[in-house]
Amino acid sequence: MDIGSRNDAVPLCSTAFVINGQQFTLELHPWVTLLDLLRGALELSGTKKGCDHGQCGACTVLIDGERINACLKLAVSLDGARITTIEGLGSPESLHPMQKAFIEHDAFQCGYCTPGQICSAIGLVSEGRVHSRADIRELMSGNLCRCGAYTNIADAIEDVMGQGRNQIREAAE
Ligand code: FES
Ligand code: FES
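Within each chain, residue numbers correspond to sequence positions counted from 1 in written order. Chains carry letters and ligands carry numbers; both start at the beginning, A for chains and 1 for ligands, and go up in the order they are written. Totals for whole chains, interfaces and linings use all residues, but because this is a predicted model, local features are given only for residues with pLDDT of at least 70 and pairs of side-chain atoms are given and counted only at 80 or more. Hydrogen atoms and water are omitted, and side-chain values are computed over all heavy atoms in the structure.

Peer 1: Give a detailed account of the nonpolar core, specifying residues and quantitative values.
Peer 2: In a soluble, globular protein the nonpolar side chains are often hidden away together inside. One finds Leu89, Met98, Phe102, Ile118, Ile153 and Ile157 to be the most contacted residues of the largest nonpolar core, which totals 25 residues. Put simply, DSSP marks the helices as runs of H or I at least four residues long and the strands as runs of E at least two long, and each gets a number from the N terminus on. At the level of elements, α2 (97-104), α3 (114-127), α4 (133-139) and α5 (150-161) are the ones that each hand at least two residues to this core. Here the element with the most residues in this core is α3; it accounts for six residues. Here, two residues are considered to be in contact whenever any of their heavy atoms come within 4.5 Å of each other. Setting aside residues no more than four positions away along its own chain, methionine 98 makes contact with Ile118, Ala121, Ile122, Val125, Ile157 and Val160. We define the nonpolar core as a collection of buried residues of types Ala, Val, Leu, Ile, Met, Phe, Trp, Tyr and Cys that are connected through side-chain atoms lying within 4.5 Å of one another. For every residue, the accessible area (1.4 Å probe, protein chains only) is compared with the maximum for its type, and the residue is labelled buried under 20%, exposed over 50%, or partly exposed between those bounds. Core analysis: the next-biggest nonpolar cluster, separate from the first, contains 21 residues, Ile19, Leu26, Leu44 and Val61 among them.

Peer 1: Can you lay out α3 for me, pointing to particular residues and giving the numbers?
Peer 2: Given a helix with a known number of residues, its expected span is that number minus one, times 1.5 Å. In this model α3 runs 20 Å from its N-terminal to its C-terminal C-alpha over 14 residues, within 8% of the 20 Å that 1.5 Å per residue would give. Burial within α3 is extensive, with 13 of its 14 residues counted as buried. Where α3 ends, the next residue or the one after it, glycine 128, has phi of about 70°, a positive value.

Peer 1: Could you give me a rundown of the pattern of salt bridges, with the residues and numbers involved?
Peer 2: Basic side-chain nitrogens of Lys or Arg form a salt bridge, by our definition, when they fall within 4 Å of a carboxyl oxygen of Asp or Glu. Summed over the entire model, instances satisfying the criterion amount to six salt bridges. Among the ionic pairs, lysine 49 bridges to aspartate 36, the shortest N-O distance being 2.7 Å. Here lysine 49, found in the loop between α1 (34-39) and β4 (60-63), pairs with aspartate 36, found in helix α1; they are 13 residues apart in sequence, far enough to count as distant. Accessibility expressed as a relative area gives 34% for aspartate 36, which makes it partly exposed. Residues glutamate 127 and arginine 67 are paired through a salt bridge, measuring 2.7 Å at the closest nitrogen-oxygen approach. Taken as a pair, glutamate 127 in helix α3 and arginine 67 in strand β5 (residues 66-69) lie far apart in primary sequence, 60 residues in all. What makes glutamate 127 partly exposed here is its relative accessible area of 29%. Residue class for arginine 67 comes out buried when judged on its relative accessible area of 18%. Here the salt bridges do not stand alone but share partners, grouping Asp36, Lys49 and Asp52 into one network.

Pasting the structure below:
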């Protein structure tokens, strides 16, 4: 798969990674971001593009369990990585605990920021740095919500935190 071709003089880079449990080996131009790869050639449009500059968090995905802004990550830098997007977290029959909590707490309105919020929240819980609601607000501050659903998002995360760090991480794998 040749992705991002706009200059034939630049050599392609063979890059292998696992996305949502599926192995890919792709021939990529070095300027292709993970976000453009996901939403373009791979048709995983659950990951959203907001600012495209690392400022809104809409594009947050999990890379080897860590939350990362996909718009700031060059795809060729991810050789050997394991990437999880919102599509890989659960299914309608078996939602990830964080997805369930967002529904139960009505933690979205338009939903545009929600895939990034959920991926970020899962990464946050796995980090084990949250000790209070104030920590949740502070450590989720990189994920903006133009609808202002922040209170319910914090409620959902607080709820899931009671289920333990390992369980949340395992559910995302
Ligand atoms: S689209 Fe990546 S941080 Fe806004
Ligand atoms: S739910 Fe609309 S931007 Fe967050």
